[in-house]
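Residue-level structure breakdown
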Amino acid sequence: REVDRATYVGGDAGASVGRSMAQCWRRTNAKQTRQSWSGMGRRGRCRAADKSRTVPVPEQPEIQVSQAVGAVRRAWEEGCGKQTVELLLPVTGATELDDWPGGIKQQFRAAQPMVEGILKELKKDEGLMGSLDVDILDEVDAVGVWCSENMLAVLFPTAEVLQKVAEMAQGKKLVLLINPQWRSGQVISDFGFGKQKKLAEQFLSEFVLSYGLQQRRMLGEDVRLIRCFPGGWQICVRNTNGNMECIATPEELPSYKEIESMLRGREGSVASKSWLDRIKLEAKFLKDNL
């Protein structure tokens, strides 16, 4: 279950959260929430960046943890007790050929302090207090579990352990699936057919993506996609000054081609250059970063 550096460590939970949003709308400004969250599994129209609703792209794990805590807390306060969190893990121990030569277990070591940092803050909240027991559900796939009387967090959940997770989630006030290892279009094959598939999809449909950070390399550009409850997605690109610039705030996650169109539409951008110029710039990027 290796994950390519060009995307992110985790899964795409967008297809599994639609029906549960109604639970959150009841206690949130209806107009704002429907604009930001409705139909998260489907593509929506992209609009220009609205700086008033953006959050800064985190460059350090500590900032990402802080943003995730705030997003999870806000979603929980709005009645969303089942949430998905997608963290961008700091690459450690990379080689010239592989960012993660140690595989999923190396990724677990990178993710563990971030997960525990999130849970340490969340369990300060009234209703989520209590000591957390730590366990490993699957050593091969490095599926970790943090469980208390009120809260359950599962790191790298897989289809093979989902039934066990559903059993453990019963009675919990907050359940977090962190960097799930299934993706849209792959869930069907992971969960099979018939009753087993139906139960898995029913369970996953109750989850809301409260925080997500993705990294992509597209058309020679360094791109980040970020969502932080209650906002929608932000499409951010590293500019010539080395800073992340928000270029759009779509209500829903755009397709790959839609993001490419946004990148090409920026005057003077790397993506707007000819394919030959992009190859030269990409070669320089790889030389500087390997």
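Attention here is on the structure that accompanies the text. Here, residues in each chain are numbered from 1, in the same order as that chain's written sequence. Local features in this predicted model are restricted to residues whose pLDDT is 70 or higher, and side-chain atom pairs enter the listing and the counts only when it is 80 or higher, whereas totals over whole chains, interfaces and linings include all residues. Only hydrogens and water are removed before side-chain values are computed, so all heavy atoms of the structure are retained for them.

1. Some words on the environment of Gly-127
Only runs of H or I of at least four residues qualify as helices and only runs of E of at least two qualify as strands under DSSP, and these elements are numbered from the N terminus. Position of Gly-127 relative to the elements: it lies in the loop between α4 (103–122) and β2 (133–138). Any residue under 20% of the maximum accessible area for its type is buried, any over 50% is exposed, and the rest in between are partly exposed; the area is computed with a 1.4 Å probe on protein chains only. Owing to a relative accessible area of 21%, Gly-127 belongs among the partly exposed residues under this scheme. Each C-alpha atom of the pair Gly-127 and Leu-174 lies 9.3 Å from the other, and the pair is 47 residues apart in sequence.

2. Structural notes on the environment of Pro-90
Relative to the elements of secondary structure, Pro-90 occurs in the loop between β1 (82–86) and α4. Owing to a relative accessible area of 26%, Pro-90 belongs among the partly exposed residues under this scheme. As for Pro-90 and Pro-61, which are separated by 29 residues in sequence, their C-alpha atoms are 6.9 Å apart. In this structure Pro-90 touches Pro-61, Trp-100, Ala-110 and Met-114, once residues within four positions along its chain are discounted. Two residues form a contact once any of their heavy atoms are found within 4.5 Å.

3. Some details on the pairing of β2
The pairing of β2 with strand β3 (residues 143–147) spans 5 bridges and is antiparallel. In the sheet register, Val-134 faces β3, and the bridge partner there is Trp-146. In textbook terms, the turn of a hairpin is the stretch between consecutive antiparallel strands, and for β2 and β3 this stretch comprises 4 residues, one of which, Ala-142, has a positive phi near 55 degrees. Here a strand pair is declared whenever DSSP counts at least two bridges between the two strands.

4. A few points about helix α3 (residues 61–77)
Here α3 contains 17 residues, and its C-alpha end-to-end distance of 24 Å stays within 8% of the 24 Å for a straight helix at 1.5 Å per residue. When we look at burial in α3, the residues that qualify are Gln-64, Val-65, Gln-67, Ala-68, Val-69, Gly-70, Ala-71, Val-72 and Ala-75. The inward-facing, buried residues of α3 abut β1, α4, β5 (174–178), β6 (208–218) and β7 (221–228). Directly after α3, the chain includes Gly-79, whose backbone phi takes a positive value near 100 degrees. The span expected for a helix works out to 1.5 Å for each residue beyond the first.

5. Description of the sheet that holds strand β4 (residues 151–155)
An order of β2-β3-β4-β5-β1-β6-β7-β8-β9 is seen for the 9 strands of this open sheet, with the pairing classed as mixed. In this open sheet, the two strands that pair with only one neighbour each are β2 and β9 (244–248). Strand-to-strand twist of the sheet, defined as the mean angle between neighbouring strand axes without regard to direction, takes the value 20 degrees. Note that β6 and β7 share 8 bridges and pair antiparallel. Along β7, the bridge assignment pairs Gln-214 with Leu-225. Each of β2, β3, β4 and β5 is contacted by helix α5 (residues 162–169), which is oriented at about 165 degrees to β4, the strand it contacts most. Note on method: axes are straight lines fitted to C-alpha atoms, helices fitted across the in-contact stretch only, with angles between N-to-C directions ranging 0 to 180 degrees.

6. Section: the pairing of β1
Across the 5 residues of β1, 4 count as buried, placing the element largely inside the fold. Here β1 pairs with β5 via 4 bridges, running parallel. From the neighbouring strand, Lys-82 faces β5, where its bridge partner is Val-175.

7. Thoughts on the environment of Met-151
Assignment of secondary structure puts Met-151 in strand β4. Looking at Met-151, the relative accessible area reads 0%, which means it is buried. Sequence separation between Met-151 and Val-175 is 24 residues, and the spatial gap between their C-alpha atoms is 5.9 Å. Those residues in contact with Met-151 that lie beyond four places of it in its chain are Leu-119, Leu-122, Lys-123, Leu-128, Leu-132, Trp-146, Lys-172 and Leu-174.

8. Structural notes on the packing of aromatic side chains
Stacked, tilted and edge-to-face pairs are distinguished by plane angle, under 30 degrees for stacked and over 60 for edge-to-face with tilted covering the rest, among Phe, Tyr and Trp rings (Trp via its six-membered ring) whose centres lie within 6.5 Å. One pass over the structure, following the stated rule, counts 2 aromatic pairs. Each ring, one from Phe-108 and one from Trp-146, has its centre 6.3 Å from the other, and the planes form 15 degrees; the classification is stacked. Of this pair, Phe-108 sits in helix α4 while Trp-146 sits in strand β3, and the two are 38 residues apart along the sequence. Just as Phe-108 is buried, Trp-146 falls in that class too. Ring geometry for Phe-203 and Phe-207: centres 5.1 Å apart, planes at 75 degrees, overall edge-to-face. Relative accessible area serves as the criterion here: at 10%, Phe-203 is assigned to the buried category. Note on Phe-207: relative accessible area 1%, which makes it buried.

9. A word on the pattern of salt bridges
Salt bridges are defined by distance alone: a side-chain nitrogen of Lys or Arg within 4 Å of a carboxyl oxygen of Asp or Glu. A complete count under the given rule lists 9 salt bridges for this structure. With its nearest N and O atoms 3.3 Å apart, the salt bridge here joins Glu-221 to Arg-266. Placement of the pair is Glu-221 in strand β7 and Arg-266 in the loop between α8 (256–264) and α9 (275–289), with a sequence separation of 45 residues. Via salt bridges that share partners, Glu-59, Asp-222, Arg-224 and Arg-238 belong to a single interconnected network.

10. Quick word on the packing of α3 against α4
Between α3 and α4, the shortest axis-to-axis distance is 9 Å and the interhelical angle comes to 45 degrees. Relative to α4, the element α3 is oriented oblique. The element α3 and its partner α4 pack so that their crossing is right-handed. Touching Pro-61, Gln-64, Val-65, Ala-68, Val-69, Val-72 and Arg-73 of α3 are Met-114, Gly-117, Ile-118, Glu-121 and Leu-122, all from α4. Residues are grouped as follows: Ala, Val, Leu, Ile, Met, Phe, Trp, Tyr, Cys and Pro are nonpolar; Asp, Glu, Lys and Arg are charged; all remaining types, including Gly, are polar. Residue composition of the contact of α3 with α4, by class: 8 nonpolar, 2 polar and 2 charged. Reported orientations rely on four angle classes, namely roughly parallel under 35 degrees, roughly antiparallel over 145, roughly perpendicular from 65 to 115, and oblique for the rest. Crossing chirality is assigned from the near helix's rotation relative to the far helix, an anticlockwise turn below a right angle marking it left-handed and a clockwise turn marking it right-handed.

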